Each structure stands twice: as structure tokens, then as C-alpha cells.
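# Chains, contacts and geometry: an overview
These are the residues of each chain, in order.
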Amino acid sequence: MAIFGKLVLMAVFVLSASMKIYDFSSFRAQIRTTTPLPAGPAKALAVGIVSLEMGAFPLLLMGRPAWGGYALCMALLAGFTCYLVWLLVFHRGASCGCAGSSTSPTSGVHVIRNVLLLSLTGAAWWLEARSGTPTPLEYLVLAGPAAVAGAFLLYLDEVISLFRERT
């Protein structure tokens, strides 16, 4: 079970970072308009976020348990959750930029998603510390389903909006 959680986290962070890199200028502008930072520090923050998200992948593969990767995931998710709350309080209607450029506004679903991911991170970290070393075959078999689960969680607000009643 720990390996599945680890792979889901890898998928979430790599997909999130990839989408931000794809349209980096929009992500940087989103950071600039939703934080009190001037242009230079906002750009540095955007670069740092993408770098740390991409860095989660190799850190989760290193060591047993991959405490560095899990700690980075926890720190990123905690920071992102605080940012989401900031947006909900001070920038209602603004996109979070969670997965690159988006027109959908930040909502409580984003916060719930991050709380779920924080819980998954803690559970996977705890379980990995108590389980055996996963085999390469286990990684291979679970990579596809974990990638789907990661994409589902990353885009949870869009998935939920499919089931909302249109007015």
C-alpha cells in the first residue's frame, strides 16, 4: 500500500510541475497577482515551486523510507494549503495555479484535496517505514493506476464540477 501512495504523490507533483512549466509565464503571473511579492521574488518563488515539485520525484525514490521525499511533500502540501486558504480569504475567484494555467476559481475542494494528499503522504510514509522494500515489478504494476489516481486528485475540482448541476 505504501508504494501506491508514493507513486500517487510522484504523479501529482510531476504532473503539477509539468503543467506549470508548459505555461510558465501564466503561472508566474498568477503568483505575482495573488501574492504581495514584487515581480523578482514572485518569479523566484515560481521557479522554486516548480523545482521543488520536480525534486519530490527522485527524493521519493531514494532511501528507505524515503523520508526526504515525504518531508518535502508534506512541506509543499502544507504551504500550498495555506496559499489556498489565502486565496479563499483575500482573492476570491482567483485560480490557484495548482496545475498550471486555469480559469477555474479556487474553492474548498482544493483545500480538501490537499488535506487528502497530506493524509496520503503521512500514511505512505508511516507504512513504508514498517514494510519491506518494494520490488521493481511492484513499481511497474502500480505505476499506471497510481498515475490515474494522481491525475484524478490533482484535477478533483474539475471532476466534481462535471457532476454539479448547471444553472
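All of the points below concern the structure found in this document. Note that this is a predicted model, so its numbers are computed, not measured.

What counts and what doesn't
Residues numbered from 1 in each chain as written. Predicted model: local features only at pLDDT ≥ 70, side-chain atom pairs only at ≥ 80, totals over all residues. Heavy atoms only, no water. Helix = DSSP H or I, 4+ residues; strand = E, 2+ residues; numbered from the N terminus. Rg over C-alpha atoms; globule rule 2.2 N^0.38 Å. Buried < 20%, exposed > 50% of the residue type's maximum accessible area, 1.4 Å probe, protein only. Contact = heavy atoms within 4.5 Å. Polar contact = N/O pair within 3.5 Å; in protein donor to acceptor, adjacent residues only side chain to side chain. Disulfide = S-S within 2.5 Å. Expected span 1.5 Å × (residues − 1). Salt bridge = Lys/Arg side-chain N within 4 Å of Asp/Glu carboxyl O. Phe/Tyr/Trp six-rings, centres within 6.5 Å; stacked < 30°, edge-to-face > 60°. Lys NZ or Arg CZ within 6 Å of the ring centre and 35° of its normal. Core = buried A, V, L, I, M, F, W, Y, C linked by side-chain atoms within 4.5 Å.

What follows deals with the overall build of the protein chain. Within the protein chain, the secondary structure is distributed over seven helices and zero strands. Taken from the N to the C terminus, the helices and strands of the protein chain come in the order α-α-α-α-α-α-α. Taken over C-alpha atoms, the radius of gyration comes to 16 Å for the protein chain, in line with the 15 Å a tight globule of 167 residues would show. Across its three principal directions, the C-alpha atoms of the protein chain cover 45 × 40 × 25 Å. Burial statistics for the protein chain: of 167 residues in total, 37% are counted as buried. Put simply, 73% of the contacts in the protein chain that link residues at least 6 apart link residues at least 24 apart.

Glancing now at the side chain of Glu 128. Along the chain, Glu 128 falls in helix α5 (residues 108–130). At a separation of 3.2 Å, a polar atom in the side chain of Glu 128 contacts the main-chain amide nitrogen of Ala 66.

To continue, consider the environment of Val 141. Mapped onto the secondary structure, Val 141 falls in helix α6 (residues 136–154). Residues Val 141 and Ala 17 lie 124 residues apart in sequence; the distance between their C-alpha atoms is 24 Å.

Attention now moves to the state of the cysteines. Inspection of the entire model under this criterion finds one disulfide. Cys 73 carries a free sulfur, and the closest cysteine sulfur to it, the one in Cys 98, is 15 Å from it. Free cysteine: Cys 82, not disulfide-bonded; nearest cysteine sulfur from Cys 98 at 13 Å. Overall, Cys 82 belongs to the exposed group, its relative accessible area being 56%.

With 23 residues, α5 extends 33 Å between its outermost C-alpha atoms, agreeing within 8% with the 33 Å of an ideal straight helix rising 1.5 Å per residue. Taken together, the buried positions of α5 are Val 109, His 110, Val 111, Arg 113, Asn 114, Leu 117, Thr 121, Ala 124 and Glu 128. Elements that come into contact with the buried residues of α5 comprise α1 (2–22), α4 (67–90), α6 and α7 (156–163).

Let us now look at the pattern of salt bridges. Side chains bearing opposite charge may pair, as long as their charged atoms lie close to each other. Inspection of the entire model under this criterion finds two salt bridges. In this structure, Lys 6 engages Glu 128 in a salt bridge whose closest nitrogen and oxygen atoms are separated by 3.1 Å. With Lys 6 in helix α1 and Glu 128 in helix α5, this residue pair connects regions lying 122 residues apart in the sequence. Looking at Lys 6, the relative accessible area reads 2%, which means it is buried. By relative accessible area, which is 3% here, Glu 128 ends up buried.

On to the packing of aromatic side chains. Per the stated rule, a full pass over the model turns up three aromatic pairs. Where Tyr 70 meets Trp 125, the ring centres are 5.7 Å apart and the plane angle is 15°; that geometry is what we call stacked. Placement of the pair is Tyr 70 in helix α4 and Trp 125 in helix α5, with a sequence separation of 55 residues. Trp 125 gets classed as partly exposed once you look at its relative accessible area, which sits at 26%. For the pair Trp 86 and Phe 90, a centre-to-centre distance of 4.5 Å together with 45° between the ring planes defines the contact as tilted. With a gap of four residues between them, Trp 86 and Phe 90 both fall in helix α4, about one helical turn apart. Lys 20 extends its terminal NZ or CZ atom over the ring of Phe 80, reaching a point 5.2 Å from the ring centre.

Residues Leu 9, Phe 13, Phe 27 and Ile 31 are the most contacted members of the largest nonpolar core, which totals 37 residues. Those elements that place two or more of their residues in this core are α1, α2 (24–34), α3 (39–61), α4, α5 and α6. Residue contributions to this core peak at nine residues, all from α4. Apart from residues no more than four positions distant in its own chain, Leu 9 is found in contact with Leu 60, Tyr 70, Cys 73, Leu 117, Leu 120 and Thr 121.

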